[in-house]
Amino acid sequence: MVLFDANGDLIIAIGKTIIHSLWIGLLILATLRILLHAIPGKHAHLRYLVSLASMLLLAGSVTATFFLLYAPGNQVETPFGMAESLRFVSQTMVRGSASETAWTANLVFLLCSYLYFAGLLYMLFRSTISYGYIKGLRKTGTPVHGEWEDRLERISDILGIRRKLSFLQSDRIQGPLLIGILKPVVIVPVGMFTHLSVSQVESILVHELYHLKRGDALINLMQLFLEGVLFYNPALWFISDIIRREREHSCDDSVVLTCKDRVNYAKALLQLAEQQHYIRLAPGAGGSNKHHLTARITRIINNKPMKQDTQERIKSLLLFAGALILVLAISGFSSGLSFTNHLEKTNENLKVLSLLPLESDMSIQDTIRKPEKPEMPKHPEELDWDQIKEDMEAARQEALEDID
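Everything quoted here is computed from the prediction, not taken from an experiment. (Residues numbered from 1 in each chain as written. Predicted model: local features only at pLDDT ≥ 70, side-chain atom pairs only at ≥ 80, totals over all residues. Heavy atoms only, no water.)

A. The arrangement of the overall build of the protein chain in detail. When you go through the protein chain residue by residue, the secondary structure sums to 13 helices and 4 strands. Looking at the protein chain as a whole, 40% of its 404 residues are labelled buried. When contacts within the protein chain are restricted to residue pairs at least 6 apart in sequence, long-range pairs at least 24 apart make up 76% of them. Of the accessible surface of the protein chain, which amounts to about 24,100 Å², a share of 62% is contributed by carbon and sulfur atoms. (Helix = DSSP H or I, 4+ residues; strand = E, 2+ residues; numbered from the N terminus. Buried < 20%, exposed > 50% of the residue type's maximum accessible area, 1.4 Å probe, protein only. Contact = heavy atoms within 4.5 Å. Areas by Shrake-Rupley, 256 points an atom, 1.4 Å probe, with all protein chains shown as cover.)

B. The packing of helix α1 (residues 10-38) against helix α2 (residues 44-69), seen in detail. The geometry of α1 relative to α2 is characterised by a closest axis approach of 8 Å and an angle of 155° between their N-to-C directions. Considered as vectors, α1 and α2 are oriented roughly antiparallel to each other. Considering the relative orientation of α1 and α2, their crossing is right-handed. (Axes fitted to C-alpha atoms, helices over the stretch in contact; angles between N-to-C directions. Parallel < 35°, antiparallel > 145°, perpendicular 65-115°, else oblique. Left-handed = near helix turned anticlockwise from the far one by under 90°.)

C. Looking closely at a nonpolar patch on the surface. There is a patch of nonpolar side chains on the surface, built from I181, L182, L218 and L221 and spanning about 410 Å² of accessible area. The class for I181 is partly exposed, based on a relative accessible area of 33%. (Patch = residues over 30% accessible without salt bridge, like charges linked within 9 Å, V, L, I, M, F, W, Y side chains within 5 Å. Salt bridge = Lys/Arg side-chain N within 4 Å of Asp/Glu carboxyl O.)

D. Structural view of the nonpolar core. Counting 32 residues, the largest nonpolar core has F167, F193, I204, L205 and L269 as the members making the most contacts within it. Only α5 (147-159), β4 (185-189), α6 (192-195), α7 (198-213), α9 (234-259), α10 (262-275) and α11 (290-302) provide two or more residues apiece to this core. The next biggest cluster of nonpolar side chains, apart from the first, holds 20 residues, and it includes I24, I28, I239 and I242. (Core = buried A, V, L, I, M, F, W, Y, C linked by side-chain atoms within 4.5 Å.)

By themselves, these observations are geometric and do not establish any function.
In structure tokens, the structure reads:
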């Protein structure tokens, strides 16, 4: 059974990588869920790092799979145009079952590649729109001066942040955000200073500054990039969702340790939940999912992590089993393709041998010389008997002389 059949060109290798990355993602996701069940919920930062490592492992595994499948020196002669591919496959259908199976599989890989590039263009367009939205927040935001600017600087000093930080408020958002990597900006919605108490606003600002201190904006950018490149893989979206959830849990724990008032902080999050607009573009106190925000508030008030029920464990085991089944299915598909390719080459060799003549008229020169034999007369009548007698007599006389 051949799992990695490295015999394709670039387009086919991409298609094969897409197929294989599905079971790789499921296997990593199932393993991650099992690990998270073993790590207590109070260790949110550790759970966050494990989730982040699983995403990097998935990205690295997909990259390694592509290089295992892509063999530039052993390319399949296949037309790359869609119309040419369909025409070529339809012509090869009459060549036999082995050829039909091989080229049908290659057509599946080609279609996967074309669909992937189409989806990649859509994700690129979506990222461009998102970048324009973030850039617009910088331009349209109103700088915050006075007392709240001083409070932000004081909180930054307490947390050990020495970077230059901008503070804006905007009417285009309903929840606080941290954007920018080289030039970070904290943006809060207009009216937050009047709807929340001073201590609640400070707790929200502490949350945003913890995101800045830990470099979550850069990690979030990496997540957005991988979500764009591996958009077709459902396991990546689940892992990315887990990362965002554990990241907010970790920041919540840090805010509670700093502010010492978990109830007040939970009330501030509850106020945000009533009018929050959830986005995935940047880390913020409101998170990117209303269900996650509600679970966070419950977790903060109860002062203990949510219990993992038996149903979640069963889901993890089912994911693991599904990943193994998918491995066997895709491996069998690849093995069948390799067998049909080998069978097709064998049939071509037999056809070539059948064209050769059974008997050849070509003479092969013998390089081994045979010993030369004296020429014998064809008939006894041609012998000179008188000469033979004279020779025998001469030989007898010589023998007698030697004796004397």
